[in-house]
Amino acid sequence: MPTSSGRPQEGWTAEHEVEGSIALVGAVQLFRRDFPGLPFPEGTDLLQVLLCPNEHEGSGSDYYYGPAAHLVWRASAEVTEVVGQPPQPASVGGEFVPRPCVFAPCQVVEYPVLDELPDEIKLTLSFVQPGGFVDDDYEDWPPVGQGSKVGGWAFWWQSSPSKLDCQDCGAGLRLLLSLHTYEHKDELCSCEQDQLDPVGWEFGRQGALNIFACPNDVTHAFKLHID
Ligand SMILES: [Zn+2]
Ligand SMILES: [Zn+2]
Ligand SMILES: [Zn+2]
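Residues numbered from 1 in each chain as written. Chains lettered and ligands numbered in written order. Predicted model: local features only at pLDDT ≥ 70, side-chain atom pairs only at ≥ 80, totals over all residues. Heavy atoms only, no water.

Going by what an unreviewed UniProt entry lists, the protein is known as DUF1963 domain-containing protein and is assigned to Amycolatopsis balhimycina DSM 5908.

In structure tokens, the structure reads:
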């Protein structure tokens, strides 16, 4: 059994009608030895992100239309029985089903988009006017990476930065993980990549599925946002 499981924040509806239980799809599997910066709960060393690859909707003012996610934090040594052939998901659309891929990760330094900076930092920047207006010559501000990532900052491509709070403790949620429709070549990363083939899923309009988690306790309810 998983040591601890993450759950999404409340207010979700599944739009699909499927009889019985639905096999989830393994979206990503990250080991502590490869990603030591992930906030693994004590006693765990493996994060598995599972998706229900059907359409789900957020409720209220939170617009969301995409897969449901389940985070499983495990002690990998306790996984002794492995299913040979994963069960096929009952998928209505199929646009969130990935093909098997391997990460070629690298580490970069990333800064949030200007709109996400707190005022006490933003107002110290030479190209920001006292009222918060940004001069036209701000292009020197480093870009936010597009592509799948662990940690870092949301790209906020199709929506504006919004403050997301933990429903369990009130802390501001932070980006835990971002799964992108495409891997992009950008100036943050100079690695040679053999190929940048897409995984096969599409989030929003060629965007990213962002998983925001609580910085106090990663097993508090997380929040999904497609951007
Ligand atoms: Zn579902
Ligand atoms: Zn919390
Ligand atoms: Zn790189």
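The structure having been displayed, the exposition proceeds.
Trainee: Looking at this model, I keep getting lost on the coordination of the zinc ion (ligand 2). Mind explaining?
Mentor: Between any two of four tetrahedral donors, the ideal angle at the metal is 109.5 degrees; between two of six octahedral donors, it is 90 or 180 degrees. Around the zinc ion (ligand 2), the protein supplies Cys166 (SG), Cys169 (SG), Cys214 (SG) and His220 (ND1) as donor atoms, at distances of 2.1 to 2.3 Å. For the zinc ion (ligand 2), the four donor atoms in the first shell make angles of 101 to 115° at the metal, a pattern classed as tetrahedral. On the primary sequence, the residues serving as donors to the zinc ion (ligand 2) are separated as C-x2-C-x44-C-x5-H. With a gap of 51 residues between them, Cys169 in the loop between strand E6 (149–150) and strand E7 (174–180) and His220 in the loop between strand E8 (208–213) and strand E9 (223–226) connect regions that are remote in the sequence. Its relative accessible area of 18% is what places His220 among the buried residues. (Donors = N, O, S within 2.8 Å, 3.2 Å for Na, K, Ca; no water. Tetrahedral: all angles 85-135°; square planar, octahedral: opposite > 155°, others 65-115°. Helix = DSSP H or I, 4+ residues; strand = E, 2+ residues; numbered from the N terminus. Buried < 20%, exposed > 50% of the residue type's maximum accessible area, 1.4 Å probe, protein only.)

Trainee: In this structure, what is going on with empty space enclosed by the protein? I would like to understand it.
Mentor: Any space left empty among the atoms is revealed by the rolling of a water-sized probe across them. Enumeration over the complete set of coordinates arrives at one cavity of 30 Å³ or more. Here the largest cavity defines a volume of roughly 60 Å³. The wall of the largest cavity is formed by Gly145, Gln146, Gly147, Lys149, Phe155, Trp157, Ser178, His180, Gly207, Ala208, Asn210 and Asp227. Counting residues per element, the ones that place at least two in the lining of the largest cavity are E7 and E8. Its residues assigned to classes, the lining of the largest cavity comprises three nonpolar, seven polar and two charged. (1 Å grid on protein atoms, 1.4 Å probe; cavity = no way out; pocket = protein on both sides within 12 Å on 5 of 7 lines; lining within 4 Å. Points joined across faces, edges and corners; volume = space filled by probe spheres on them. Nonpolar A, V, L, I, M, F, W, Y, C, P; charged D, E, K, R; others polar.)

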